[in-house]
Every structure is written in structure tokens, then in C-alpha cells.
Amino acid sequence: MDMVATLATLGALLCWSLGPLFIKYLAGHMDSWTQNALRYSVACLFWLPFLVHTTAKGNFAMRTWRRALLPSVANVAMQSLWAAGFYYIGPAFMALLSKTSILWVAGFSLIVFPEERPLIRSGRFWLGFLLSLAGLFGVIAFKDDFAATGTLTGIVIALAQALMWGVYTLSVRIAFQDIDPRASFSVMSVYAAVGLSVCAFLFGEPSQVLALDVRAWIAVLISAVTAIALGHVLYYTAIRRIGATIPMLVILAQPFVVFNLSSILFHERLNGVQLLFGGVLLGGSALSVWAQQHLRSEPPR
């Protein structure tokens, strides 16, 4: 067992389970644009000493700045949608819908990476795909307030965010195969902080920051360090050490961790049918990931 990868995976799960709760809490204090800019600016400051130190020692690959451009654009779009969704739907529901990103990652991989294309012939993959779609339909259709305008808006935002997470994941995989996750994310956090700050000034109300109380600032700091600064780096550290399959499967537990915490903090409720279909959605996603790993483990023909 690779203990570093195991701890990194569990750490990413914990960090990304806390993030939705803090975003939902901060939704009562400022708009999503301002919240994004503030949290990512803190995450940028967290990694800035590392970036300066490694650059000064000459251990930093300057090509990282160029390679990070496309993933950073996808990251800004994805983060903007991610935060906005919590202003319309609950943390657990948002986290559950966001896991459809695995389907986008698989689909994009089939298009971009030739070695992934034999997956098209995998019955296991298509069964997982169909189960995920059925689970997604059930989770949405059986929501008690499904027809409400706010709920529909939140669902659309969540599914769009899942699409952009797929683009983000794929672009990171292509751009940073041979680069330290800390270096790549420290650069991306700079780009994201700038991009999200521009969005905040264009579409949000940055002056809301001046009215934040101590609790809100604590929420900003903790969520920025855990869900952003550490969560991404831990996740990609695990992927570099043991591959993507096990970390992706573990992260699938996030919606249920979030649900248990959100039910206490925000009294969020998913009915029994939704929980059943949520299990089908995540089970199908897990089956698709398993099929992908099975393909990679087969000897070349």
C-alpha cells in the first residue's frame, strides 16, 4: 500500500467534502463572484511562498506558466459554475450532480487519447454509463421541488459545472503529466485569482467583503486552504502515485459525506428515492471507472 497516496486521497475527500458546506454558508454573506475571487485569492497567497522559493532556487519549470493557460480558463469557468450552484440548490444535491463529470472525463478521453478508444467495446463501461444516466434522471426527477424555477436553474448550473470539470481534468492531464502538482497548481491559482477577480468586478459586488464578520472570514480562510489550496494538490498527488482510478472511486463518496453534514448544518433532505437513484448514479460511475482501469491493465494485443 502506498501510504502517501492513500493519505492524499483521503485528504482530498475530506477537503472537498468541507468545501460545499462553506460555500453554502458564505452564500448568505456575498454573491458567488465575490466569494470565488476571495477564496481563490487566499489559496493563491497560500501557495505563493512555494512558487517564489522554487523559482528562486531554479527548480521551477518556466513552461508551467504557458501550459497552465488552458487548464486555468477551464478552471475559472468551472469554479464560477460550482459556486453559483449553491445559491439555488443544497450542498449534497449539488455534489451528487457534479459527479456526472466522470462521464464527461471518460467521453473526452475516448476522443483525445487513442489508447482509451478500445473502451468503446467494453460492455462494462456502457452498463456503467447507462446506470449513471438512469441515476441522474432519478435524482433530478424525484426531487420534491423539481419544478421550482430556482431548482431548475441550480440543476442546469450543476450539470454545466460537471461538463467543465471534465474539460478541466482532461486539460490538466495533458498539460501537467511531468510537472509537480504543487508547482502546477500554484501557477493555476495565480491565474484563477486574477480571472475570478476580474469576474467579481464585472458581475459581482466586491464591496461586500468589507461587511464580512469574523465567522465569515474564518469560513473563507478554512475553505480556501482546504477545498482549494490543499484539495486539488492532494488529489493530483494521489493520481501521480497510483493512477486516477482509486482516487476517483474514493471521491465518489463525497456526496454522501456532504449529505450527512449538510443534513445537520442546513437541514438538507434527499428523499429515499433520490438516495436510491444517487447510489445508482455513483455505482454506474464507479463501474465506468473500473472498466477504464480494466482496459489499461490488459496486456497489449
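To be clear, the structure that these remarks concern was listed above.
Conventions adopted
- Residues numbered from 1 in each chain as written.
- Predicted model: local features only at pLDDT ≥ 70, side-chain atom pairs only at ≥ 80, totals over all residues.
- Heavy atoms only, no water.
- Helix = DSSP H or I, 4+ residues; strand = E, 2+ residues; numbered from the N terminus.
- Rg over C-alpha atoms; globule rule 2.2 N^0.38 Å.
- Buried < 20%, exposed > 50% of the residue type's maximum accessible area, 1.4 Å probe, protein only.
- Contact = heavy atoms within 4.5 Å.
- Areas by Shrake-Rupley, 256 points an atom, 1.4 Å probe, with all protein chains shown as cover.
- Lys, Arg positive; Asp, Glu negative; His and termini not counted.
- Charge placed at Lys NZ, Arg CZ, Asp CG, Glu CD.
- Core = buried A, V, L, I, M, F, W, Y, C linked by side-chain atoms within 4.5 Å.
- Patch = residues over 30% accessible without salt bridge, like charges linked within 9 Å, V, L, I, M, F, W, Y side chains within 5 Å.
- Salt bridge = Lys/Arg side-chain N within 4 Å of Asp/Glu carboxyl O.

### Regarding the overall build of the protein chain
Consideration 1: When helices and strands are counted, the protein chain shows 13 helices and zero strands.
Consideration 2: Secondary structure of the protein chain in N-to-C order comes out as α-α-α-α-α-α-α-α-α-α-α-α-α.
Consideration 3: On C-alpha atoms alone, the protein chain measures out to a radius of gyration of 19 Å, which is about the 19 Å that the 2.2 N^0.38 rule sets for 301 residues.
Consideration 4: Principal-axis analysis of the C-alpha atoms gives the protein chain an extent of 55 × 55 × 35 Å.
Consideration 5: Scored against the burial criterion, the 301 residues of the protein chain give a buried share of 53%.
Consideration 6: Sequence separation of at least 24 residues holds for 87% of the intrachain contacts in the protein chain that already meet a minimum separation of 6.
Consideration 7: As displayed, the protein chain has an accessible area near 13700 Å², and 71% of this comes from carbon and sulfur atoms.
Consideration 8: Taking the 19 positively charged and 12 negatively charged side chains of the protein chain as two groups, their mean positions are separated by 8 Å.

### Points about the side chain of threonine 64
Consideration 1: Inspection of the secondary structure assignment puts threonine 64 in helix H3 (residues 63-67).
Consideration 2: With near-sequence residues (within four places) excluded, threonine 64 lies in contact with Phe176, Ile179, Ala183, Ser184 and Val187.

### Brief notes about the environment of alanine 193
Consideration 1: Looking at the secondary structure, you find alanine 193 in helix H9 (residues 181-203).
Consideration 2: Those residues within four positions of alanine 193 in sequence are excluded, and the remaining contacts are Tyr40, Ser41 and Cys44.

### Brief notes about the nonpolar core
Consideration 1: In terms of nonpolar packing, the biggest core is built from 63 residues, with Phe93, Leu97, Tyr168, Phe176, Phe185 and Tyr235 touching the most fellow members.
Consideration 2: The element best represented in this core is H9, accounting for nine residues.
Consideration 3: Look past the residues within four positions of tyrosine 235 in its chain and what remains in contact with it is Ala12, Trp16, Pro247, Met248 and Ile251.
Consideration 4: Counting 11 residues, the second largest nonpolar core, distinct from the first, contains Leu38, Val42, Val209 and Ala216.

### Overview of a nonpolar patch on the surface
Consideration 1: A cluster of nonpolar side chains, contributed by Val194, Val198, Leu202 and Phe203, occupies part of the molecular surface with about 420 Å² of accessible area.
Consideration 2: Position of valine 198 relative to the elements: it lies in helix H9.
Consideration 3: When its relative accessible area of 43% is taken as the criterion, valine 198 is described as partly exposed.

### A short note on the environment of tryptophan 82
Consideration 1: Inspection of the secondary structure assignment puts tryptophan 82 in helix H4 (residues 69-85).
Consideration 2: Owing to a relative accessible area of 12%, tryptophan 82 belongs among the buried residues under this scheme.
Consideration 3: Distance in space between the C-alpha atoms of tryptophan 82 and serine 98 is 8.5 Å, their sequence separation being 16 residues.
Consideration 4: Apart from the residues within four sequence positions on either side, tryptophan 82 is in contact with Pro20, Ile23, Met94, Ala95, Ser98 and Gln161.

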